[in-house]
Amino acid sequence: MSDSEVTATPLLSPAGGVPALIDTEPALKNAVDKLRNGSGPIAVDAERASGYRYSARAYLIQLKRNQEIFLIDPIPFAGSPLIAELNKVLQSDEIILHASTQDLPCLREWGLHPKRLFDTELGARLAGLPRVGLGALVEHFFNLSLAKEHSAVDWSLRPLNQDWINYAALDVELLIELREKISELLDAQGKLDWAHSEFQSI
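Model, not experiment: these values are computed from the prediction. (Residues numbered from 1 in each chain as written. Predicted model: local features only at pLDDT ≥ 70, side-chain atom pairs only at ≥ 80, totals over all residues. Heavy atoms only, no water.)

## Some words on the nonpolar core
The following threshold applies: For the purposes of this section, nonpolar cores are sets of buried Ala, Val, Leu, Ile, Met, Phe, Trp, Tyr and Cys residues that join through side-chain atoms within 4.5 Å. Accessibility here uses a 1.4 Å probe with only protein chains present; expressed as a share of the type maximum, an area under 20% marks a residue as buried, one over 50% as exposed, and anything in between as partly exposed. In DSSP terms, a helix is any run of H or I states spanning at least four residues, a strand is any run of E spanning at least two, and both are numbered starting from the N terminus. Contacts: residue pairs with any heavy atoms within 4.5 Å of one another.
In this structure, Leu 63 and Trp 155 are the most contacted members of the largest nonpolar core, which totals 66 residues. The element contributing the most residues to this core is helix H7 (residues 162-173), with 7 residues. With residues up to four places along the chain from it excluded, the contact list for Leu 63 reads Leu 35, Ile 42, Ala 43, Val 44, Glu 68, Ile 69, Phe 70, Ile 72, Leu 86, Leu 90 and Val 172.

Have a look at this one:
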């Protein structure tokens, strides 16, 4: 066991607390307005139920901009014009995803089509880091450990378990800071432009 594995501090909940699940039109409108009025890149993640459902549909979409996390249950919003408004916000700035090839298809299924991408997993690969999972990178850069025991649960179930919701929020808690660390590393290696070209091709 490595020293980092011994000393890493468990990250148990988001610094701002676990936000309420967004599953009503007023709550989604409020979230879209807040995201629109924010600044800087938007961290994004999605939870699927691939081991339980035939489709790769997202059953939870997590977003973070500035210091606020938004957890959207997309199921009630099929066909809602608010999804188109959310898409406009996502297209207005850089989106940060970890392992984007897994999440982009399910986001597109909901009508969300980001235009500018930073993929922290691919960036870590290009930088030559030996372990590129989200948990490994958070541990490497921040000496924090992420619990992954809920990664394979059935996210299509309702109501969602509160422990699952907390887990999902943590997936975007440090994604913006992680993007900065990997960007700095790539820049120092002279690989940043190459990385951005790779992200754009995705």
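## Quick look at the packing of aromatic side chains
For the record, the criterion: In this scheme Phe, Tyr and Trp rings, the latter by its six-membered ring, pair at centre separations within 6.5 Å, and the angle between planes marks the pair as stacked below 30 degrees, edge-to-face above 60, and tilted otherwise.
This structure, assessed with the given rule, holds 4 aromatic pairs. Ring plane angle 55° and centroid distance 6.5 Å describe the contact between Phe 141 and Phe 142, whose orientation is recorded as tilted. Using a relative accessible area of 23% as the deciding quantity, one classes Phe 142 as partly exposed. An angle of 25° between the planes, with centres 6.1 Å apart, marks the rings of Trp 155 and Tyr 167 as stacked. Remark: Tyr 167 occurs in helix H7 and Trp 155 occurs in the loop between strand E8 (144-146) and H7; sequence separation between them is 12 residues. Classification of Trp 155 by relative accessible area gives buried; the value is 0%. Through a chain of ring-to-ring contacts, three or more aromatic side chains come together here, namely Trp 155, Trp 164 and Tyr 167.

## Some remarks on the environment of Ser 13
By the secondary structure assignment, Ser 13 is in the loop between strand E1 (9-11) and strand E2 (21-22). Here the alpha-carbon distance between Ser 13 and Val 172, two residues 159 residues apart in the chain, equals 11 Å. The contact partners of Ser 13, leaving out residues within four places of it in the chain, are Asn 166 and Leu 170.

## Remarks on the sheet that holds E2
Stated precisely, the cut-off is as follows: The pairing criterion is simple: DSSP has to find at least two bridges between the two strands.
As summarised here, the arrangement of the 6 strands in space is E2-E5-E4-E3-E6-E7, forming an open sheet in which the pairing is mixed. The open sheet has two free edges, formed respectively by E2 and strand E7 (116-119), since each of these has just one partner strand. As defined by bridge partners, E2 adjoins strand E5 (residues 68-72) across 2 bridges and the pair is classed as parallel. Paired with Leu 21 across the bridge in E5 is Leu 71.

## Digging into the environment of Ala 46
For Ala 46, the position within the fold is in strand E3 (residues 42-48). Looking at Ala 46, the relative accessible area reads 5%, which means it is buried. Residues Ala 46 and His 98 lie 52 residues apart in sequence; the distance between their C-alpha atoms is 10.0 Å. Those residues in contact with Ala 46, other than ones at most four positions away along the chain, are Ala 58, Leu 60, Ile 61, Gln 62, Asp 103, Cys 106 and Leu 107.

Taken by themselves, the reported measurements are silent on function.
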